[in-house]
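# Observations on the three-dimensional arrangement
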Amino acid sequence: MKFFLDTANLDQIKEANDLGVLDGVTTNPSLMAREGIKGKENILKHYKTICGIVKGDVSAEVISTDFEGMIREAEELSSLHAQIVVKIPPIKEGIRAVKYLSSKGIRTNCTLIFSPGQALLAAKAGATYASPFIGRLDDISTDGIELVAQIVDMYNYYGYATQVIAASIRHTMHIIQCMEAGAHVVTCPLKAILGLLKHPLTDIGLEKFLADYHKLNK
Ligand code: G3P
């Protein structure tokens, strides 16, 4: 399972990259706004900076909702760097755009997926990735992990090459559940990844090992 970081924060991307387990980054307009990145030039520059830090796919989202606008943006974004994957929403124009872009060899991440039907159309259109949003489904009393499992099963059954990026991960347990559901990728906050390391028996065990060593090696 690949780990992507779901942020536009450069310090966090560097920290996760230094861990040696980072496979990519996903961003969206809200995450860019959270870092105060505004203006087209700055936004494009920021994507390039991220590509310079991580050695993997970096998702950059279009803001157009019409076919021509999405294609124009996608071509500009993908020409920035070979690592860029263009995020497109699963609306009618978006699915058309994914199909067109995949025929041109431009990689896409179909984002804001909340149903198996949307994921099916994304795969049929040739999306590189499909991103179901787990936390936002959980927020409305719907099982987000169940959706991830459904999409993974469907893609495996029909042999679609589209990979599932479990997104809107809110905590460490989501990562474990996505692993059990067979997600190809999880994109998460750094805190959720670091949470995987937490175990009191590790801390107690380490403390005891060090204390025993130091007793005899003063
Ligand atoms: O990858 C999608 C993610 O950024 C959305 O997360 O927490 O706003 O639902 P959240």
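Only a predicted model underlies this, so the values are computations on that prediction, with no experimental measurement involved.

Reading guide: rules and limits
- Residues numbered from 1 in each chain as written.
- Predicted model: local features only at pLDDT ≥ 70, side-chain atom pairs only at ≥ 80, totals over all residues.
- Heavy atoms only, no water.
- Helix = DSSP H or I, 4+ residues; strand = E, 2+ residues; numbered from the N terminus.
- Expected span 1.5 Å × (residues − 1).
- Buried < 20%, exposed > 50% of the residue type's maximum accessible area, 1.4 Å probe, protein only.
- Polar contact = N/O pair within 3.5 Å; in protein donor to acceptor, adjacent residues only side chain to side chain.
- Salt bridge = Lys/Arg side-chain N within 4 Å of Asp/Glu carboxyl O.
- Pairing = 2+ DSSP bridges.
- Right-handed = clockwise from strand over helix to strand, strands pointing away.
- Axes fitted to C-alpha atoms, helices over the stretch in contact; angles between N-to-C directions.
- Parallel < 35°, antiparallel > 145°, perpendicular 65-115°, else oblique.
- Left-handed = near helix turned anticlockwise from the far one by under 90°.
- Contact = heavy atoms within 4.5 Å.
- Nonpolar A, V, L, I, M, F, W, Y, C, P; charged D, E, K, R; others polar.
- Near = heavy atom within 4 Å.
- Patch = residues over 30% accessible without salt bridge, like charges linked within 9 Å, V, L, I, M, F, W, Y side chains within 5 Å.
- Areas by Shrake-Rupley, 256 points an atom, 1.4 Å probe, with all protein chains shown as cover.
- Lys, Arg positive; Asp, Glu negative; His and termini not counted.
- Charge placed at Lys NZ, Arg CZ, Asp CG, Glu CD.

## Notes on helix 8 (residues 144-158)
Here helix 8 is 15 residues long and its end C-alpha atoms lie 22 Å apart, about the 21 Å a rise of 1.5 Å per residue gives. Those residues of helix 8 lying buried are Gly144, Ile145, Leu147, Val148, Ala149, Ile151, Val152, Met154 and Tyr155. The distance from a side-chain oxygen at the start of helix 8 to the backbone nitrogen of isoleucine 145 is 3.1 Å, and the residue carrying that oxygen is aspartate 143.

## A closer look at the pattern of salt bridges
Pairing between side chains of opposite charge can happen when the charged atoms of each approach one another. Under the defined criterion, the tally for this structure stands at seven salt bridges. With its nearest N and O atoms 3.1 Å apart, the salt bridge here joins aspartate 139 to arginine 170. One end of the pair, aspartate 139, is in the loop between helix 7 (134-138) and helix 8; the other, arginine 170, is in the loop between strand 7 (163-166) and helix 9 (172-181), with 31 residues separating them in the sequence. Given the relative accessible area of 52%, aspartate 139 is considered exposed. Assessed through its relative accessible area of 42%, arginine 170 is described here as partly exposed. Each of Lys208, Asp212 and Lys215 takes part in one network of salt bridges that share partners.

## Side note on helix 1 (residues 10-19)
Sitting at the amino-terminal end of helix 1 is asparagine 9, which places a side-chain oxygen 3.0 Å from the backbone nitrogen of aspartate 11. Count one or two residues on from helix 1 and you reach glycine 20, which has phi positive near 90°.

## A word on the pairing of strand 4 (residues 84-88)
Extensive coverage of strand 4 is indicated by the burial of five of its five residues. Across the two faces of strand 4 the burial is the same, with Ile84, Val86 and Ile88 and Val85 and Lys87 all buried. As paired strands, strand 3 (residues 57-61) and strand 4 are joined by four bridges and run parallel to one another. Looking at strand 4, one finds that serine 59 is bridged to valine 85. Note that the unit made of strand 3, helix 4 (residues 67-80) and strand 4 has a crossover that is right-handed.

## Digging into the packing of helix 1 against helix 3 (residues 40-53)
Running from amino to carboxyl end, helix 1 crosses helix 3 at an angle of 15°, the nearest separation of the two axes being 10 Å. Taken as axis vectors, helix 1 and helix 3 run roughly parallel relative to one another. Where helix 1 crosses over helix 3, the two elements pack in a sense that is right-handed. From helix 1, Leu10, Ile13, Lys14 and Asn17 reach across to helix 3, where they touch His46, Thr49, Ile50 and Ile53. Partitioned by chemical class, the residues of the contact of helix 1 with helix 3 number four nonpolar, three polar and one charged.

## Focus on the side chain of lysine 87
With respect to the secondary-structure elements, lysine 87 resides in strand 4. Polar contacts involving the side chain of lysine 87 include one to the main-chain carbonyl oxygen of threonine 27, which spans 2.9 Å. Aside from chain neighbours lying at most four places away, what touches lysine 87 is Thr26, Thr27, Asn28, Ser59, Ala60, Glu61, Val62, Asn109 and Thr111.

## Re the environment of isoleucine 175
On the secondary structure map, isoleucine 175 appears in helix 9. Accessibility expressed as a relative area gives 2% for isoleucine 175, which makes it buried. For the pair isoleucine 175 and valine 186, spaced eleven residues apart in sequence, the C-alpha to C-alpha distance is 6.7 Å. Excluding residues within four positions of it along the chain, isoleucine 175 makes contact with Met1, Phe3, Ile169, Val186, Cys188, Ala192, Ile193 and Leu196.

## As for the site of the ligand
Lining the immediate environment of the ligand, one finds Asp6, Asn28, Leu31, Phe133, Arg136, Ala167, Ser168 and Arg170. In this structure, an oxygen atom belonging to the ligand sits 2.7 Å away from a side-chain N or O atom of arginine 136. Here an oxygen atom of the ligand sits 2.7 Å away from a polar atom, N or O, in the side chain of serine 168. Considering only residue class, the shell around the ligand consists of three nonpolar, two polar and three charged.

## Quick word on a negative patch on the surface
The grouping of Asp11, Glu15, Asp18 and Glu35 at the surface amounts to a negative patch. Considering the arrangement of structural elements, one finds aspartate 11 in helix 1. Relative accessible area serves as the criterion here: at 57%, aspartate 11 is assigned to the exposed category.

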